Amino acid sequence: MKKTRWIIVGLTVVMTAAVYINWKYASDGGDYPVASGDGDSVKTLGQTAYVSAESSYFDNARYTRSKNRSDAVAVLNELIENTDADASSRKLAAETVADYARITETEANVESLIMSKGYEDCVVFITEDTASVVVETLGLEPHEAAQIMDLVSSATGFTADVIKIIEFNSVQN
């Protein structure tokens with residue numbers, strides 16, 4: 001029982017670290033390196049897709065977020081299906097999977113709402129108690145930041161002090 005709880009705690013720590021690294025990398029103005037194709041934007045070799053360097057930070061951040069969650073959910077599903085695991089660990093794993101699904105849906109909804117306000121692109125990272133928004137912009141006016149803050153707060157129930165808005169200027173990056 002303790003081992004499975006530590007696995008769940010570990011996966012949560014890994015997810016939080018991935019969100020922090022993405023946030024930190026974006027705030028430093030970094031851009032993720034991507035495998036380059038031979039002039040094509042996407043090249044498929046077997047089951048692996050190689051994306052050109054023209055892919056945006058946002059595409060890469062969404063892919064990384066999705067992959068990390070998929071990996072975590074796969075481990076949790078193995079625990080849920082393991083009949084040798086105790087009931088409380090299986091229940092906790094099922095609740096964690098449900099939380100990931102809820103968070104994923106909320107992130108997608110918030111991203112859609114923000115882009116509906118005319119922003120070119122954005123990516124949202126939500127944890128249990130924080131939200132970070134990376135938005136592509138040439139500069140946010142105070143009323144625009146307040147609008148984004150309101151959208152995130154309405155969707156998540158978080159207060160403004162735990163919501164971070166990070167401007168990403170693709171022209172400079």
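About the thresholds
- Every chain begins its residue count from 1, and numbering advances along the sequence as written.
- Predicted model: local features are reported for residues with pLDDT of at least 70 only, side-chain atom pairs are reported and counted for 80 or more only, and whole-chain, interface and lining totals are derived from all residues.
- The side-chain figures draw on all heavy atoms in the structure; neither hydrogens nor water molecules are used.
- Secondary structure counts use DSSP, requiring at least four H or I residues in a row for a helix and at least two E residues in a row for a strand, with both numbered from the N terminus.
- Residue burial is assigned from relative accessible area. The probe radius is 1.4 Å, only protein chains are included, and a residue is buried under 20% of its type maximum, exposed over 50%, and partly exposed in between.
- Two residues qualify as a contact provided that any one of their heavy atoms is within 4.5 Å of a heavy atom in the partner residue.
- Note on pairing: two strands pair once DSSP finds at least 2 bridges between them.
- Where helices are involved, their axes are fitted lines through C-alpha atoms of the stretch in contact, as for all axes, and angles between N-to-C directions lie from 0 to 180°.

Caption draft 1: Looking closely at the overall build of the chain. Counting its secondary structure elements, the chain contains four helices and five strands. Its helices and strands taken in sequence order, the chain reads α-β-β-α-α-β-β-α-β from the N to the C terminus. Split into buried and exposed, the 173 residues of the chain put 34% on the buried side. Here the contacts in the chain between residues at least 6 apart in sequence split such that 60% fall between residues at least 24 apart.

Caption draft 2: Inspection of the environment of serine 153 at higher detail. Assignment of secondary structure puts serine 153 in helix α4 (residues 142-156). The exposure class of serine 153 is partly exposed, given its relative accessible area of 26%. In this structure, serine 153 is in contact with Phe158 and Ile163, ignoring residues within four places of it in sequence.

Caption draft 3: Spotlight on the sheet that holds strand β5 (residues 163-168). Reading across the sheet, the three strands line up as β3-β4-β5 and stay open at both edges, with mixed pairing between neighbours. At either end of the open sheet lies a strand with only one pairing partner, and these are β3 (122-126) and β5. Here the strands of the sheet are splayed against their neighbours by 15 degrees on average, with no regard to which way each runs. Pairing of β3 with strand β4 (residues 131-136) involves five bridges; the strand directions are antiparallel. Note on β4: the bridge partner recorded for valine 124 is valine 133. Set on the sheet, helix α2 (residues 57-81) makes contact with β3, β4 and β5; between it and β3 the angle comes to about 30 degrees. Sheet strands touched by helix α3 (residues 87-116): β3 and β4. Its angle to β3, the strand with the most contacts, is close to 150 degrees.

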